[in-house]
Amino acid sequence: MSSTGRTSPQEPDESTSGRLEALLGQGYTPYIIVTLYVLLTSLWLLAFPFSTIAFLVFLSSLMAIYYFPVSSWLKLVLGVIVLGVVMPIVGNQNQGFLDVVTQSAIFVALALGLNIVVGFAGLLDLGYVAFFALGAYLWGIFSTGQALNIFPGAEATFPLGGGWFFVFLVLGVIVAAIAGVLLGLPVLRLRGDYLAIVTLGFGEVIRLLANNLDKPVNITGGAQGITSIGQAPMFFQPVVAAAGFQPSQGAEYRMYMYVLAILIVLLTVMVARRLNQSRIGRAWTAIREDETAAIAMGVPLVRMKLLAFAAGASFAGAMGVLFAAKQLFISPPTFDLVRSISILAMVILGGMGSIPGVILGATVITLLNLRILPDFAAQLNDWRRAGLPIPAQFDPVSYQRLLFGLVLILMTIFRPEGILPERRRRFELHQEAAEGEQMAQDAKNLVHPDIGMKS
C-alpha cells in the first residue's frame, strides 16, 4: 500500500513474490524441494550422461543447494552427493563433462583470487593471468628437461619426479605471492585506469618473457612452449588396484585432477571467506570505498594493498601448477590478455566482492566457452547440412571475445552489481540510485536538500 492509500502496480508482484518466498521457506518445504531437485537432476544426468541440457540442469542443483534455507548438514550432504558421487560416476562415462567441471574449478579459484584484488580491495588488475603463468611455468620447467638448461650436469636431479608436485603446489603459492608484492610495490600510489594500465603491462611482460626466454639459454621453450610436463603422483593406485578397479590411466588421472581441483577450490573459498570477514577484509573494504578516509581511520594502506596483491596472486600460482600438471603442455598464448579479461569478466558477471557470485560467474563463462558455444556451433552445422540457409562464416566459437565484451557492457548498464552481488555493494548501489532519484525529485520540486523546504 502506498503512502497515498492507493496500491501501486508493482506492489502486488512484490507481495506475491514475498508470499511465495515465505511459502518455500516454511517448515520442511525447502528441505523437500531441494532434496527432490538434487535427486531428480542427478537421476536425469545418470540416465543421459551425454546430454548437455541434463548436465547444465544438474549443475544448477548446486545453486539450489546454496539458495534454499536448509540446515548446513543437508547442504553438505547434498553437495557431496552432487560433486562427490554423481559427478564422478557420470565423468567415468563422459570424460568431457568431467573435464569441463575440472576447468570450471580452476577458473573458479582464479576468479576468487582476482576477486580479492578487484572486489575486496578495489584494485583493478588486468595482468592477473601473469601469476597463473608463473605457477604453470614453475612446475613446467622443473618437472621436465628444461631445468637441465638452467642447471647443466644435474641429470641426477632433474627432471623432478611426480612426488615433488605437492611441494611445487606450495612453492607456486609462495612465488606468486612474492610476485604480487613486487607488482604491488611500484603501483601503490596508482588508482583506477593508471593501475589497470600498469598491471596490464606486467601481464604482457610475463607473457613476452615466456615467449622469448628460449635463448641464449632455453628456459621456457619459447613460442613452442613446454611439453611432457610431469604428472601429479598417483599414490592411490595400489589402493584402487586392491579394490578391484581397473580404470584406464587417462581416465584415472582425469578423475584425480578433478578431485584435486575441487579440494583446492574448497580451500580457496574458505580462505577468501575468512579473509573477507576478518579485520583485513574490513580494511580492504575501507580502501575500496575511500582511500583517504581509510588512512584517516588508521588503516595501514601500504600493508593492506600489498597483502591484497599477494593473497590474490597466491591462488593463481597454485592453480597454475595444477593446470600445468593437468594439461601436460603450456605455451605463451595460454596466458595472454584475453585470459585476464575473461577472468575479470567472470568477477564482474557474478558480482565483485561476492564469493557465491564469482563462483557462478566463473562457472557460467567456462561453460559458455567449453560446452555451450561449441555445442551450439555443432548444432548450427547440423542445421546447415540439413539445408537451412545459415552462412558458413557464422561460427559462435569465433565470437567468444565479442560475447565477453557484450557481457561486460550489458552488466555495466543493467546490473552493475552483478548476478549475485555482495549485500553491502548492492545496498550501496541501490542507495545511491535512490538518493539520486530523491535529489532529482527535490530539485524538480525546488526543495532544498538540507532543510527540506521550497526555496
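Attention in this report is confined to the structure presented alongside it. Bear in mind the structure is a predicted one, so any value in this text is a computation, not a measurement.

So, how was this worked out
- Residues numbered from 1 in each chain as written.
- Predicted model: local features only at pLDDT ≥ 70, side-chain atom pairs only at ≥ 80, totals over all residues.
- Heavy atoms only, no water.
- Helix = DSSP H or I, 4+ residues; strand = E, 2+ residues; numbered from the N terminus.
- Buried < 20%, exposed > 50% of the residue type's maximum accessible area, 1.4 Å probe, protein only.
- Contact = heavy atoms within 4.5 Å.
- Areas by Shrake-Rupley, 256 points an atom, 1.4 Å probe, with all protein chains shown as cover.
- Phe/Tyr/Trp six-rings, centres within 6.5 Å; stacked < 30°, edge-to-face > 60°.
- Expected span 1.5 Å × (residues − 1).
- Axes fitted to C-alpha atoms, helices over the stretch in contact; angles between N-to-C directions.
- Parallel < 35°, antiparallel > 145°, perpendicular 65-115°, else oblique.
- Left-handed = near helix turned anticlockwise from the far one by under 90°.
- Nonpolar A, V, L, I, M, F, W, Y, C, P; charged D, E, K, R; others polar.
- Patch = residues over 30% accessible without salt bridge, like charges linked within 9 Å, V, L, I, M, F, W, Y side chains within 5 Å.
- Salt bridge = Lys/Arg side-chain N within 4 Å of Asp/Glu carboxyl O.
- Polar contact = N/O pair within 3.5 Å; in protein donor to acceptor, adjacent residues only side chain to side chain.

## Here's the deal with the overall build of the protein
Looking only at helices and strands, one finds 18 helices and two strands in the protein. The proportion of buried residues among the 455 residues of the protein is 44%. Here the contacts in the protein between residues at least 6 apart in sequence split such that 72% fall between residues at least 24 apart. As displayed, the protein offers around 23,700 Å² of accessible surface, 66% of which is attributable to carbon and sulfur atoms.

## A closer look at the packing of aromatic side chains
One pass over the structure, following the stated rule, counts 20 aromatic pairs. Residues Tyr-66 and Tyr-67 carry aromatic rings whose centres are separated by 5.5 Å and whose planes lie at 75 degrees to one another, so their mutual orientation is edge-to-face. Using a relative accessible area of 45% as the deciding quantity, one classes Tyr-66 as partly exposed. Feature note: the residues Trp-139, Phe-142, Phe-151, Phe-158, Phe-165, Phe-166, Phe-168, Phe-235, Tyr-253 and Tyr-256 constitute an aromatic cluster, connected by ring pairs.

## Thoughts on helix 14 (residues 301-327)
In this model, helix 14 (27 residues) spans 39 Å end to end at C-alpha, consistent with the 39 Å of a helix rising 1.5 Å per residue. Among the 27 residues that make up helix 14, 23 are buried, leaving the element largely enclosed by the rest of the structure. Positive phi appears at Leu-328, one or two residues downstream of helix 14, with a value of about 65 degrees.

## A look at the packing of helix 6 (residues 129-142) against helix 14
Taken N-terminus to C-terminus, the directions of helix 6 and helix 14 make an angle of 40 degrees; their axes are 6 Å apart at the nearest point. For the element pair helix 6 / helix 14, the angle class is oblique. With respect to the hand of their crossing, helix 6 and helix 14 are arranged in right-handed fashion. Facing helix 6, whose interface residues are Phe-131, Phe-132, Gly-135, Ala-136 and Trp-139, helix 14 presents Ala-313, Ala-316, Gly-317, Met-319, Gly-320, Val-321, Phe-323, Ala-324 and Ala-325. Residue composition of the contact of helix 6 with helix 14, grouped by class: 11 nonpolar, three polar and no charged.

## Topic: a nonpolar patch on the surface
Taken together, the side chains of Phe-376, Trp-383, Leu-388, Phe-394, Tyr-399, Leu-402, Leu-406, Ile-409, Leu-410, Ile-413 and Phe-414 present a nonpolar region at the surface, about 1,100 Å² in accessible area. Looking at the nonpolar patch, the elements that each hand over two or more residues are helix 16 (355-385) and helix 17 (400-414). The dominant element in the nonpolar patch, judged by the number of residues it contributes, is helix 17, at six residues.

## Looking at the side chain of Thr-144
Turning to its location among the elements, Thr-144 is positioned in the loop between helix 6 and helix 7 (146-150). Looking at Thr-144, its side chain comes within polar contact range of the main-chain oxygen of Ile-141, at 3.4 Å.

## A look at the environment of Ile-65
Counting through the fold element by element, Ile-65 comes out in helix 3 (residues 52-67). Judged by its relative accessible area of 7%, Ile-65 is buried. Through-space distance from the C-alpha of Ile-65 to that of Pro-30 is 9.8 Å; in sequence the pair is 35 residues apart. Beyond its immediate sequence surroundings of up to four residues, Ile-65 is in contact with Val-34, Val-38, Lys-75, Leu-78, Gly-79 and Val-82.

## Some thoughts on helix 15 (residues 337-350)
With 14 residues, helix 15 should cover 20 Å at 1.5 Å per step; its first-to-last C-alpha distance of 20 Å lies within 8% of that length. Burial in helix 15 covers these residues: Ser-340, Ser-342, Ile-343, Leu-344, Ala-345, Met-346, Val-347, Leu-349 and Gly-350. Note on helix 15: the residue one or two positions beyond its end, Gly-351, has a positive phi of about 130 degrees.

## A short note on the packing of helix 15 against helix 16
Each pair of packed helices can be summarised by the angle the axes make with each other and by the distance between the axes. Put simply, helix 15 and helix 16 touch, their axes get as near as 7 Å, and they point 130 degrees apart. Taken together, helix 15 and helix 16 sit at an angle that is classed as oblique. For the pair helix 15 and helix 16, the crossing hand works out as right-handed. On helix 16, the residues touching Ser-342, Ala-345, Met-346, Val-347, Leu-349 and Gly-350 of helix 15 are Gly-357, Val-358, Gly-361, Ala-362, Val-364, Ile-365 and Thr-366. Considered class by class, the residues forming the contact of helix 15 with helix 16 number eight nonpolar, five polar and no charged.

## Details of the pattern of salt bridges
Considering all chains together, one arrives at seven salt bridges under this definition. For Arg-288, the salt bridge identified is with Glu-289, shortest N-O distance 3.0 Å. On the accessibility criterion, Arg-288 (15% relative accessible area) is buried. We classify Glu-289 as partly exposed; its relative accessible area is 42%. For the salt bridge of Asp-375 with Arg-371, the shortest nitrogen-to-oxygen distance reads 3.5 Å. One end of the pair, Asp-375, and the other, Arg-371, are both in helix 16, four residues apart, so they sit about a helical turn from each other. Asp-375 sits in the partly exposed class, given a relative accessible area of 28%.

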